[in-house]
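Report on the structure
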Amino acid sequence: ELFAFWDGALARWGITPSGLTGRPVPKTDRVLSCAFADGALVLGTGQGALVLRAWNTAQETSEFFEFGYVQAQISANGLWLSARKSSPPAVQIYRLNPWAPRGAVMFDADIVAQAFTPRSDELAVVTRDAIAFLDTEHWRPVRRMELPVERNARLLFAPDGASFWLSPDLRNA
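A brief look at the structure comes next. The model shown is predicted, which means the values in this text are computed figures rather than measured ones. (Residues numbered from 1 in each chain as written. Predicted model: local features only at pLDDT ≥ 70, side-chain atom pairs only at ≥ 80, totals over all residues. Heavy atoms only, no water.)

Re the packing of aromatic side chains
For clarity, the threshold we go by: Each pair of aromatic rings taken from Phe, Tyr and Trp, with Trp reduced to its six-membered ring, is defined by centres within 6.5 Å and is described as stacked if the planes are under 30 degrees apart, edge-to-face if over 60, and tilted in the remaining cases. Note on conventions: DSSP H or I runs of at least 4 residues are helices, E runs of at least 2 residues are strands, and numbering of each starts at the N terminus. Type-normalised accessible area, obtained with a 1.4 Å probe on protein chains alone, sets the label of each residue: buried when under 20%, exposed when over 50%, and partly exposed for intermediate values. Only lysine NZ and arginine CZ atoms are considered, and such an atom sits over a ring when it is within 6 Å of the ring centre and within 35 degrees of the ring normal.
This structure, assessed with the given rule, holds 8 aromatic pairs. Ring centres of F133 and F164 lie 6.0 Å apart, and the angle between their planes is 50°; on these two criteria the pair is classed as tilted. Residue F133 is located in strand β14 (residues 130-135), and its partner F164 is located in strand β17 (residues 164-167); the two are separated by 31 residues in the primary sequence. Here F133 falls in the buried class, since its relative accessible area comes to 1%. The aromatic ring of W80 is capped on one face by R95, whose charged end is 5.6 Å from the ring centroid.

Some details on the pairing of strand β16 (residues 154-157)
Cut-off, in case you're wondering: Two strands qualify as a pair provided DSSP detects at least 2 bridges between them.
Every second residue of β16 is oriented toward a common face, the buried set being L155 and F157 and the non-buried set R154 and L156. Relative to β17, β16 runs antiparallel, the two sharing 4 bridges. Counterpart to L156 in the pairing with β17 is W165. With antiparallel pairing between neighbouring strands as the criterion, β16 and β17 make up a hairpin whose turn holds 6 residues, including G161 at a positive phi of roughly 75°.

A few points about the pattern of salt bridges
Under the convention used in this document: Salt bridges, as used here, are contacts in which a Lys or Arg side-chain nitrogen is within 4 Å of a carboxyl oxygen on Asp or Glu.
Summed over the entire model, instances satisfying the criterion amount to 7 salt bridges. Measuring nitrogen to oxygen at the nearest pair gives 2.7 Å for the salt bridge that ties E1 to R23. Linking E1 in the segment before β1 (2-6) with R23 in the loop between β3 (19-22) and β4 (31-37), this pair joins segments that are 22 residues apart in sequence. Since its relative accessible area comes to 40%, E1 is described here as partly exposed. For R119, the salt bridge goes to D121, with nearest N and O atoms at 3.5 Å. With a relative accessible area of 56%, R119 lands in the exposed category. When salt bridges that share partners are traced, they join E1, R12 and R23 into one network.

Section: a nonpolar patch on the surface
Heads up, the condition is: Like-charged residues within 9 Å of one another, or nonpolar side chains (Val, Leu, Ile, Met, Phe, Trp, Tyr) within 5 Å, are grouped into patches, provided each residue has over 30% relative accessible area and no salt bridge. The Shrake-Rupley method, run with a 1.4 Å probe, gives the accessible areas here. Residue values count only the displayed protein chains as cover.
A contiguous nonpolar patch, built from L2, I15 and L20 and spanning about 290 Å² of accessible area, is present on the exposed surface. Among the structural elements, L2 can be located in strand β1.

Looking at the pairing of β3
Pairing between strand β2 (residues 9-16) and β3: 4 bridges, direction antiparallel. Each bridged residue has a counterpart across the sheet, and for W13 the counterpart in β3 is G22. Hairpin connection of β2 to β3: 2 residues between the antiparallel strands.

Re the sheet that holds β4
To be explicit about the condition: Every axis in this analysis is a line fitted to C-alpha atoms, fitted for helices over the stretch in contact. Angles between the N-to-C directions lie between 0 and 180 degrees.
With antiparallel pairing, the 4 strands of this open sheet are ordered in space as β4-β5-β6-β7. In the strand order of this sheet, the two ends are held by β4 and β7 (61-66), each with one partner. Each strand of the sheet is rotated relative to its neighbour by a mean of 15°, with strand direction disregarded. Of the pairings in the sheet, the one linking strand β5 (residues 40-45) to strand β6 (residues 48-53) comprises 5 bridges and is antiparallel in character. Along β6, the bridge assignment pairs A40 with R53.

Digging into the side chain of T136
Going by this rule: The contact criterion used is simple: two residues touch if any of their non-hydrogen atoms lie within 4.5 Å.
Among the secondary structure elements, T136 is positioned in the loop between β14 and β15 (141-146). The class for T136 is buried, based on a relative accessible area of 11%. Residues in contact with T136, not counting those within four places in the same chain, are W80, F116, S120, D121, E122 and L123.

Okay, here's the thing in structure tokens:
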């Protein structure tokens, strides 16, 4: 399948040898983030998170968790959702299945990106002036790298988790 979202719209297609076939998409407001984990599709929206379980089967079920504007990341093991909040700068942590709030980690600068490691043992949170790595057992910082970045920064981990790619702005990496 191919799934896409952009400002104000969602699209989904089945990929076959003869081409693309349109498929139904969930009804929701503007999608701000999207992630796949453990057979679920999680959409971060202006009102909260829409979790679609078994979303590509006829038995699709959904749950909506209302906690405001969210740009979310899902851990690779499907256990955790990290919701980036702007005022005050924080990440709110939720257990996914079953859904349960785990608390928030506050930061002293605007959060511009976040990413879980491939082993799901750490969450990297990129602020305007540093990258903080939080352990996913106690949600405490285990290390910090001072590094100024712009609001368009992105961080991606290598599949083995031994390294990451940081784009501090739209022009450099």
